[in-house]
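Residue strings, one per chain:
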Amino acid sequence: MNKRAYIFYFAVILMGVIVSFFAGKKYGTEDLKTTQTNVTASAEHHTEKVIEGYWLKRKNDKIVIYDQNQTKVIAETDIREKDCSEKDSKLLEQGIYLENMECLFKFLQAHTS
């Protein structure tokens, strides 16, 4: 091929890249802007703070996890009361309140290993 053909192909490819770049920038960021406004709008509607908390109580010699209102059983564990310390056994009679999921997992991990 001669020099003009190479220049022509280079120009066509360069124009394709430029058109693709600007089209992608225009149409690709429209979805991003829509998503950002939807996230902002939904965040404004959910300004109230969700209270998280868990109660651990003894039931049939096992530890049971209740929700923050102590009305709904979230999970029943296989941890027996006899596997706990005396201090924890006494606390389980009244119930042990854990503020969040992280504290719950730490407690459960400490009593299963």
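The numbers attached to residues start from 1 for each chain and follow its sequence in the written order. Two thresholds apply to this predicted model, a pLDDT of at least 70 for residue-level local features and 80 or more for giving and counting side-chain atom pairs, whereas whole-chain, interface and lining totals are computed over all residues. Calculated side-chain values reflect all of the structure's heavy atoms, with hydrogen atoms and water omitted.

Numbering of helices and strands starts at the N terminus; helices are DSSP runs of H or I of at least 4 residues and strands are runs of E of at least 2. The span one expects for a helix is its residue count, reduced by one, times 1.5 Å. Taking 1.5 Å per residue, 12 residues should reach 16 Å; helix H3 (residues 101–112) reaches 16 Å between its end C-alpha atoms and fits that length. Buried means the residue's accessible area, taken with a 1.4 Å probe over protein chains only, is under 20% of the maximum for its type, while exposed means over 50%, and partly exposed covers the values in between. Along H3, the positions that sit buried rather than exposed are Leu104, Phe107, Leu108 and His111. Looking straight down H3, one finds its buried side chains confined to an arc of 95 degrees; they lie on one side. Exposed residues on H3 whose side chains face more than 90 degrees from its buried face are Phe105, Lys106, Gln109 and Ala110. Whether two residues are in contact is decided by their heavy atoms: any pair within 4.5 Å suffices. Buried residues along H3 sit in contact with strand E1 (54–59), strand E2 (62–66), strand E3 (73–80), helix H2 (86–94) and strand E4 (96–98). Directions from the helix axis toward the C-beta atoms define the arc.

Bringing the pattern of salt bridges into the picture now. Every case where a carboxyl oxygen of Asp or Glu lies within 4 Å of a side-chain nitrogen of Lys or Arg is listed as a salt bridge. According to the stated counting rule, one finds four salt bridges in the structure shown. Note that Arg80 and Asp61 form a salt bridge whose closest N and O atoms lie 4.0 Å from each other. Of this pair, Arg80 sits in strand E3 while Asp61 sits in the loop between E1 and E2; the two residues are 19 residues apart in sequence, bridging distant segments of the chain.

Nonpolar cores are built from buried Ala, Val, Leu, Ile, Met, Phe, Trp, Tyr and Cys residues. Side-chain atoms within 4.5 Å join them into one set. Listed in full, the 12 residues of the largest apolar core are Tyr54, Leu56, Ile63, Ile65, Ile79, Cys84, Leu92, Ile96, Leu98, Leu104, Phe107 and Leu108. Contributing elements (two or more residues each) for this core: E1, E2, E4 and H3. Ranked by residue count, the leading element in this core is H3, at three residues.

Okay, the sheet that holds E4 next. Should DSSP find at least two bridges between two strands, the strands are taken to pair. Ordered by their spatial adjacency, four strands build an open sheet running E3-E2-E1-E4, and the pairing between neighbours is antiparallel. For this open sheet the edge positions go to E3 and E4, each flanked by a neighbour on one side alone. Recorded for the sheet is a direction-independent mean angle of 25 degrees between the axes of neighbouring strands. Two strands pair when backbone bridges link them, and E1 and E4 are joined in this way by three bridges, in the antiparallel orientation. Working convention: axes come from line fits to C-alpha atoms, limited for helices to the stretch in contact. Angles between N-to-C directions cover 0 to 180 degrees.

The element E2 is extensively covered by neighbouring structure, given that four of its five residues are classed as buried. Alignment of E1 against E2, held across five bridges, turns out to be antiparallel. Its bridge partner being in E2, Leu56 is matched across the sheet by Ile65. Sheet topology places E2 next to E3; four bridges connect them, and they run antiparallel.

What follows concerns H2. Listed as buried for H2 are Asp88, Ser89 and Leu92. Seen along its axis, H2 keeps its buried residues to an arc of 105 degrees; they face one direction. Residues of H2 that are exposed and point over 90 degrees away from its buried face: Glu86, Lys87, Lys90, Glu93 and Gln94. Immediately beyond the C-terminal end of H2, within one or two residues, lies Gly95, with a positive phi of roughly 110 degrees.

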